[in-house]
Amino acid sequence: MNKINILGLGPGNKDYILPVTLKKIQNSDVIIGAKRNIDSLNFVNKEVIILKSNLDEIINYINKNKSNKKISIVVSGDTGFYSLLRFVKKHVPLEELTIIPGISSMQYLFAKIGHTYEDAHLTSLHGRNNDFIQKVKEYDLVGILTDNVWTPASIAKSLVKNNIINKYIYVGEKLSYEDEKITKMTIEEATKYETDNINIVIISTQN
């Protein structure tokens, strides 16, 4: 029986995809992934399945075809950081999976601003809520995945509302692409920051 590959594609630009990941993709019969991930790659002679809200259908397809097809699931960033891996593991035994990590957008942004992240708190507000205010109070570095509700401005406004103003915010947009944009500002400045791009936020005590 073939193992199911779960492959991290990195922050976006194809230059950041690991060579071993490209080999797995080339050797696959079927590629499963979100449309923006599929569109970022050039698949030739591959069956492609677009991942939407059809997760149960995807699992049924995998279980029916894993014995006679080589299947790869591609995910943004790193397989171990807010990816589809957790869901797949609930339905496919771990011994039937080959998991290859990628460079997360969070890793990428920390490197770009010259900070290490071993002592940082990393979290996500993408489609969810959590007590990030308390984490910002506890940690000198906090990395946050955002969405169109929890934008850099809305995060900054929540911080100001809780009297947290003596830190800096970094916003990373279009990371790894030629038109990437990384902006550093005070929390008060960030309350007025507007962007339509998918972005990552890092909150730091360091100047």
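That block above? That's the structure.
Scope of this entry: the structure provided in the associated data block. Because the structure is a prediction, the values reported are computed rather than measured.

Basis of the calculations
Residues numbered from 1 in each chain as written. Predicted model: local features only at pLDDT ≥ 70, side-chain atom pairs only at ≥ 80, totals over all residues. Heavy atoms only, no water. Pairing = 2+ DSSP bridges. Helix = DSSP H or I, 4+ residues; strand = E, 2+ residues; numbered from the N terminus. Axes fitted to C-alpha atoms, helices over the stretch in contact; angles between N-to-C directions. Contact = heavy atoms within 4.5 Å. Salt bridge = Lys/Arg side-chain N within 4 Å of Asp/Glu carboxyl O. Buried < 20%, exposed > 50% of the residue type's maximum accessible area, 1.4 Å probe, protein only. Core = buried A, V, L, I, M, F, W, Y, C linked by side-chain atoms within 4.5 Å.

### A word on the sheet that holds strand 4 (residues 71–75)
Read across the sheet, five strands follow the order 3-2-4-1-5 without closing on themselves; strand pairing throughout is parallel. Edge positions in the sheet fall to strand 3 (47–50) and strand 5 (97–100), since each of these pairs with one other strand and no more. Along the sheet, successive strands turn relative to each other by an average axial angle of 20 degrees, direction set aside. Pairing analysis gives four bridges linking strand 1 (residues 4–8) to strand 4, with the strands arranged parallel. Its bridge partner being in strand 4, Ile-6 is matched across the sheet by Ile-73. Packing of helix 1 (residues 19–26) onto the sheet brings it into contact with strand 1, strand 2 (30–33), strand 4 and strand 5, and relative to strand 1 it is tilted by some 140 degrees. Against the sheet, helix 3 (residues 55–65) contacts strand 1, strand 2, strand 3 and strand 4, and its axis sits at roughly 150 degrees relative to strand 4.

### A word on the pattern of salt bridges
One pass over the structure, following the stated rule, counts six salt bridges. Taking the shortest distance from any N to any O, the salt bridge between Lys-66 and Glu-96 comes out at 2.7 Å. Of this pair, Lys-66 sits in the loop between helix 3 and strand 4 while Glu-96 sits in the loop between helix 4 (85–89) and strand 5, and the two are 30 residues apart along the sequence. Pair check on accessibility: Lys-66 and Glu-96 agree, each one buried. With a shortest N-O distance of 3.1 Å, Lys-174 and Asp-179 are connected by a salt bridge.

### Remarks on unusual backbone geometry
With phi around 55 degrees, Tyr-82 is a residue other than glycine that occupies positive phi space. Tracing the chain through its elements places Tyr-82 in the loop between strand 4 and helix 4.

### Section: the environment of Asn-148
Relative to the elements of secondary structure, Asn-148 occurs in the loop between strand 7 (141–145) and helix 7 (152–161). Remark: the alpha-carbon pair of Asn-148 and Glu-178, spanning 30 residues in sequence, is separated by 23 Å.

### Points about the pairing of strand 4
Burial runs high along strand 4: five of the five residues are buried. Neither face of strand 4 is exposed, since Ile-71, Ile-73 and Val-75 on one face and Ser-72 and Val-74 on the opposite face are all buried. Taken together, the three bridges between strand 2 and strand 4 define a ladder with parallel strand orientation. Looking across to strand 4, one finds that Ile-32 is bridged to Ile-73.

### Here we look at the nonpolar core
By size, the foremost hydrophobic cluster in this structure holds 19 residues, and its most contacted members are Phe-132, Ile-144, Ile-155, Leu-159, Ile-169 and Ile-203. Elements with a contribution of two residues or more to this core: helix 6 (132–138), strand 7, helix 7, strand 8 (168–173), helix 8 (187–190) and strand 10 (199–204). Setting aside residues no more than four positions away along its own chain, Ile-203 makes contact with Val-136, Asp-140, Leu-141, Val-142, Ile-144, Ile-155, Leu-159, Lys-167, Tyr-168 and Ile-169. In this structure, Ile-6, Ile-58, Tyr-61 and Val-88 belong to the second largest nonpolar core, which totals 17 residues.

These figures capture arrangement, not role.
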